[in-house]
Amino acid sequence: MRHPADLFMELWRRLLEQRDGVRTLAHGLEADHARAGRLADEAADRLRQGAPALDEWAGSQLDRTLAAAQAIDSWFAPLASRYDFRNDDPLPAERLEARRRLNRDGRLNADPADGQLILRPGLLARAMNFRETAPPDGDPEAFDPVDLFASLLVVPPGLTIEAERDGDPDRRIAVEYRRIATVSDQDPSDPAWRPLIGVVPLAQAEDDLPIRQFRRDGEDWYDPTPRDLGRRAADAVAGLAAQGATFILFPEVSAGPDTVSAIRQALRTQAVGGPIRYALVGVKEEVAGRPRNRAILLDRCGRMAGSQTKLHCWDLDSDQCRSYDLRDRNGRLLDCAREDIETGDRFILFELPDFGRLAVAICEDLGRTEPSAWIASGMMVDWLVTPVMDSGLTTERWQAKEGAASSRAGYCRVIVANSMALSHRFNRYCRANGEEDKVIEECGVALLFQPRASQASAPHIQCLALSLSDPAPGYVQARWTPGDWPALPDPAPEGCE
């Protein structure tokens, strides 16, 4: 028996091939309620007879094709929202098969070559207000027929992203939706849910994160390698668990293998009855002899639930080399330096019990149009998390600009987590050049963004900092209560508080 999900994929492809016609049709149906209602009723009636009957009715007519796809989308609505229950349950065997596919494969369609057809939670299933549809009279280039569906979302099998470096060709990365199927004891859609977010900068002193510099093929390269800070990391996990933390973040390249082991053990210690659900750890590791910059996602028991490899290198220009006081063996400031990592070829979207839909964009990945803009605007994420390694976070720098843009575009919560090691380098350069007014005293280690009801409104922001001279207790935390946070200033005249 043909499944409605597989028919939806066929209908969706037909709609994509006639994108301009669908846009015009959608505009017309908005103004002609009688016609739209008649098509919807006819499509729903055919679907009750089965997917083949609906396909035959749709034929090659564009208006019927759209109505048929929307009928299937509505048929999936009870699966997309736990609040939407219906007494009549047409095609019960197909509905059971849909649940089985989602639990087994993480998708509703049968052919993985088409990408992943997944549930697109509606407003009733989220505490967030995010984009449900694209207005038919919006930007023609941005219009996607999938925006006309409320319950189903297509994750493409691959995505073209910007070149790794100037002069390189654009790259193709795989896209994967990964649903973690475990027992949940917290409902992220509860409007009263107020998770406590903890950030552990971990690298507090300059030698906590030494940076190796070298020449290769006539160019300067840099390679940060964290030292073992396992005891400090474990103490921070224990301290945040005592505070009631829900989610803990460690910044980019802040942990090596020994530190990760200590973090995993600390999570296991609090697993029974403890508050922590997940930890995201920025790690530096070698794979097949090449360095990788990854963020690993650990569950409450310290088990790895997944990972995301950095997709873009962070190559430094002359200003950045000066800011971080990067010099060659002769003491000369570098004009530029390339990040020595093997970039990733896959982006993963996580669906997490107790937390919602999560995407990770490591440092430079946040500032690139692809994939971060695509993630924020198209994938209906609840959280976009960015571990970085920088001198300090403020409401004026690029992280605030890009974090705010992502929060606005995707109606999603955004978190940026930073370490402190580069702040000491920055201060050394400032003092040597008579720029005492720029010296960092309070180092920004976390930015938290909450979108507003309108994209035109600046998001609420919380900026968390630690004293560079006395960073005790070595972590920061904030309850997610954006009503108590200020709006992001524009332009930003001040830094972290």
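Structural data are supplied above this passage.
Residues numbered from 1 in each chain as written. Predicted model: local features only at pLDDT ≥ 70, side-chain atom pairs only at ≥ 80, totals over all residues. Heavy atoms only, no water.

### Some points on the overall build of the chain
Inference 1: Secondary structure assignment for the chain yields 14 helices and 19 strands.
Inference 2: For a compact globule of 497 residues, the expected C-alpha radius of gyration is about 23 Å, and the chain comes in at 24 Å, within 12% of that figure.
Inference 3: Oriented by its inertia axes, the alpha-carbon framework of the chain measures out at about 75 × 50 × 45 Å.
Inference 4: Across the 497 residues in the chain, those meeting the buried criterion constitute 57%.
Inference 5: Considering only intrachain contacts with a sequence separation of at least 6, the fraction spanning at least 24 residues in the chain is 72%.
Inference 6: Element-wise, carbon and sulfur atoms account for 47% of the exposed surface of the chain, whose accessible area totals about 21,000 Å². (Helix = DSSP H or I, 4+ residues; strand = E, 2+ residues; numbered from the N terminus. Rg over C-alpha atoms; globule rule 2.2 N^0.38 Å. Buried < 20%, exposed > 50% of the residue type's maximum accessible area, 1.4 Å probe, protein only. Contact = heavy atoms within 4.5 Å. Areas by Shrake-Rupley, 256 points an atom, 1.4 Å probe, with all protein chains shown as cover.)

### Focus: the sheet that holds strand E15 (residues 383–387)
Inference 1: Ordered by their spatial adjacency, 8 strands build an open sheet running E3-E4-E13-E14-E15-E16-E17-E18, and the pairing between neighbours is mixed. Unpaired on one side and paired on the other, strand E3 (158–161) and strand E18 (460–467) mark the two borders of the sheet. With direction set aside, neighbouring strand axes in the sheet form an average angle of 25°.
Inference 2: Across the face of the sheet, helix H12 (residues 369–378) comes into contact with E3, strand E4 (171–179), strand E13 (346–352), strand E14 (356–360) and E15 while running at roughly 130° to E3. (Pairing = 2+ DSSP bridges. Axes fitted to C-alpha atoms, helices over the stretch in contact; angles between N-to-C directions.)

### Some details on the side chain of Ser467
Inference 1: Within the secondary structure, Ser467 sits in strand E18.
Inference 2: At a separation of 3.1 Å, a polar atom in the side chain of Ser467 contacts the side chain of Ser469.
Inference 3: A polar atom in the side chain of Ser467 sits 3.3 Å from the backbone nitrogen of Asp470.
Inference 4: Excluding its chain neighbours within four sequence positions, the residues that come into contact with Ser467 are Met420, Glu441 and Glu442. (Polar contact = N/O pair within 3.5 Å; in protein donor to acceptor, adjacent residues only side chain to side chain.)

### A short note on the pairing of strand E8 (residues 247–255)
Inference 1: The buried fraction of E8 is high, at 9 of 9 residues.
Inference 2: Pairing analysis gives 3 bridges linking strand E5 (residues 196–199) to E8, with the strands arranged parallel. Bridge assignment links Gly198 to a residue of E8, and that residue is Ile248.
Inference 3: Summarising the sheet, E8 and strand E9 (residues 278–287) pair through 5 bridges and their orientation is parallel. Looking at E9, one finds that Ala255 is bridged to Val283.

### Remarks on the packing of helix H3 (residues 33–48) against helix H5 (residues 62–75)
Inference 1: Where H3 meets H5, the closest approach of the two axes is 8 Å, and the angle between their N-to-C directions is 60°. The pairing of H3 with H5 is recorded here as oblique in orientation. Between H3 and H5 lies a crossing whose hand is right-handed. For the pair H3 and H5, the contacting residues are Arg35, Leu39, Glu42, Ala43, Ala44 and Leu47 in the first and Asp63, Arg64, Ala67, Ala68, Ala71, Ile72 and Trp75 in the second.
Inference 2: Looking at the contact of H3 with H5 residue by residue, the class counts come to 9 nonpolar, no polar and 4 charged. (Parallel < 35°, antiparallel > 145°, perpendicular 65-115°, else oblique. Left-handed = near helix turned anticlockwise from the far one by under 90°. Nonpolar A, V, L, I, M, F, W, Y, C, P; charged D, E, K, R; others polar.)

### Focus: the pairing of strand E7 (residues 219–224)
Inference 1: The buried count for E7 comes to 5 of 6 residues, which makes it a mostly enclosed element.
Inference 2: Judged from the 6 bridges that link them, strand E6 (residues 211–216) and E7 form a sheet pairing that is antiparallel. Pairing of Arg215 across the sheet is with Asp220, part of E7.
Inference 3: Joining the antiparallel neighbours E6 and E7 is a turn of 2 residues, in which Asp217 adopts a positive phi near 55°.

### Structural notes on the nonpolar core
Inference 1: Core analysis: the biggest nonpolar cluster contains 128 residues, and Phe8 and Phe76 have the highest contact counts within it.
Inference 2: Counting residues per element, this core draws most heavily on H5, which supplies 8 residues.
Inference 3: Leaving out residues up to four positions away in the same chain, Phe8 has contacts with Ala69, Ile72, Leu117, Phe149, Leu152 and Val154.
Inference 4: Counting residues in hydrophobic clusters, the runner-up holds 24 residues, among them Leu196, Ala241, Ile263 and Leu298. (Core = buried A, V, L, I, M, F, W, Y, C linked by side-chain atoms within 4.5 Å.)

### Details of the environment of Asp328
Inference 1: Mapped onto the elements of the fold, Asp328 is located in the loop between helix H10 (318–323) and strand E12 (338–339).
Inference 2: For the pair formed by Asp328 and Gln213, sequence separation is 115 residues and the distance between their alpha carbons is 7.2 Å.
Inference 3: Beyond its immediate sequence surroundings of up to four residues, Asp328 is in contact with Gln213 and Leu334.

### Regarding the pattern of salt bridges
Inference 1: Using the criterion set out here, one finds 40 salt bridges in the structure.
Inference 2: Two residues, Arg14 and Glu10, come together in a salt bridge whose shortest N-O distance is 3.9 Å. With Arg14 and Glu10 both in helix H1 (residues 4–17) and 4 residues apart, this pair spans about one turn of that helix.
Inference 3: Several salt bridges share partner residues, and in doing so they unite Glu206, Asp325, Arg327, Arg425 and Arg428 into one network. (Salt bridge = Lys/Arg side-chain N within 4 Å of Asp/Glu carboxyl O.)

### Details of the sheet that holds strand E10 (residues 290–299)
Two strands in a sheet stick together by hydrogen bonds in their backbones, pointing the same way (parallel) or opposite ways (antiparallel).
Inference 1: Here 6 strands make up an open sheet; going across it, the order is E11-E10-E9-E8-E5-E19 and the pairing mixed. The open sheet terminates on both sides in strands that have one partner only, identified here as strand E11 (304–309) and strand E19 (476–479). Recorded for the sheet is a direction-independent mean angle of 20° between the axes of neighbouring strands.
Inference 2: As paired strands, E10 and E11 are joined by 5 bridges and run antiparallel to one another. Paired with Ile296 across the two strands is Ser307, which belongs to E11.

Geometric descriptors of this kind do not, in isolation, establish any biological role.
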